[in-house]
Amino acid sequence: DCVMQEPPSQKHIERAANRGVADAVLRYAASVLVLSATGKDSMLSPIDIAESSPLVEISDTSQGALALRAVANRLCVPRDMGAPSASIMRGVLSVIANRLDASA
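Computed from a predicted structure; not experimentally measured.

Enquirer: Hey, could you run me through helix α4 (residues 83-103) in this one?
Expert: An ideal rise of 1.5 Å per residue puts 30 Å on 21 residues; α4 measures up with 30 Å between its terminal C-alpha atoms. Of all the positions in α4, only A86, G91, V92, L93, V95, I96, A97 and L100 are classed as buried. Close packing links the buried residues of α4 with α1 (19-38), α2 (46-52) and α3 (61-74).

Enquirer: Help me understand the nonpolar core, please; the structure alone is not making it clear to me.
Expert: Soluble globular proteins: nonpolar side chains tend toward being buried together. C2, V25, V32, L68, I96 and L100 are the most contacted members of the largest nonpolar core, which has 27 residues in total. Listing elements by their share of this core, those giving two or more residues are α1, α2, α3 and α4. The element contributing the most residues to this core is α3, with 7 residues. Filtering out sequence-adjacent residues up to four positions away, V32 remains in contact with P46, I49, A50, V92 and I96.

Enquirer: Explain the environment of A104 to me, please; I cannot follow it from the model alone.
Expert: Here A104 lies in the segment after α4. As a C-alpha pair, A104 and T61 span 43 residues in sequence and 6.2 Å in three-dimensional space.

Enquirer: Just checking my understanding: could you explain α3 for this structure?
Expert: Since the α-helix packs 3.6 residues into each turn, any two residues three or four apart lie on the same face. Look at α3: 20 Å from first C-alpha to last across 14 residues, which is about the 20 Å you get at 1.5 Å a residue. In terms of burial, α3 is a largely internal element, 10 of the 14 residues being buried. Every buried residue belonging to α3 is among T61, Q63, G64, A65, L66, A67, L68, A70, V71 and A72, and all of these are buried.

Enquirer: It is not clear to me how unusual backbone geometry should be interpreted in this structure. Could you clarify?
Expert: When glycine is set aside, most residues are seen to have a negative phi, and most peptide bonds are trans. Each neighbour pair has its own omega, and for V77 with P78 the value is 10 degrees, a cis peptide bond. Position of P78 relative to the elements: it lies in the loop between α3 and α4. Phi is positive for Q10, which is not a glycine, with a value near 45 degrees. Relative to the elements of secondary structure, Q10 occurs in the segment before α1.

Enquirer: Explain the side chain of S53 here, please?
Expert: With respect to the helices and strands, the residue S53 is situated in the loop between α2 and α3. With a relative accessible area of 14%, S53 lands in the buried category. A distance of 2.8 Å separates a polar atom in the side chain of S53 from the backbone oxygen of I49. Among residues more than four places away in sequence, those in contact with S53 are Y28 and R99.

Rules and cut-offs
- Residues numbered from 1 in each chain as written.
- Predicted model: local features only at pLDDT ≥ 70, side-chain atom pairs only at ≥ 80, totals over all residues.
- Heavy atoms only, no water.
- Helix = DSSP H or I, 4+ residues; strand = E, 2+ residues; numbered from the N terminus.
- Expected span 1.5 Å × (residues − 1).
- Buried < 20%, exposed > 50% of the residue type's maximum accessible area, 1.4 Å probe, protein only.
- Contact = heavy atoms within 4.5 Å.
- Core = buried A, V, L, I, M, F, W, Y, C linked by side-chain atoms within 4.5 Å.
- Polar contact = N/O pair within 3.5 Å; in protein donor to acceptor, adjacent residues only side chain to side chain.

Written out as structure tokens, the structure is:
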């Protein structure tokens, strides 16, 4: 959905065009969330890990940021997940997107 150029709904949300970059940043975000729950850094919050982990290397950081923001904006509570989980996920996606924008 974060790369769908003609979405059936929420057409006002800008989507990324690069599927490979979207896949890479979403996998990176998932790894941050998993690491915060199970890894050696489990004492850190997911936001702390997203802020301090080495940033994913991708070919187009603006497309990566756009993909993450599209997912963050499209999360539906409670359909997709509960409010606390969505808040954490949106926070992680936003931190990574901001870091990608700053690295451009």
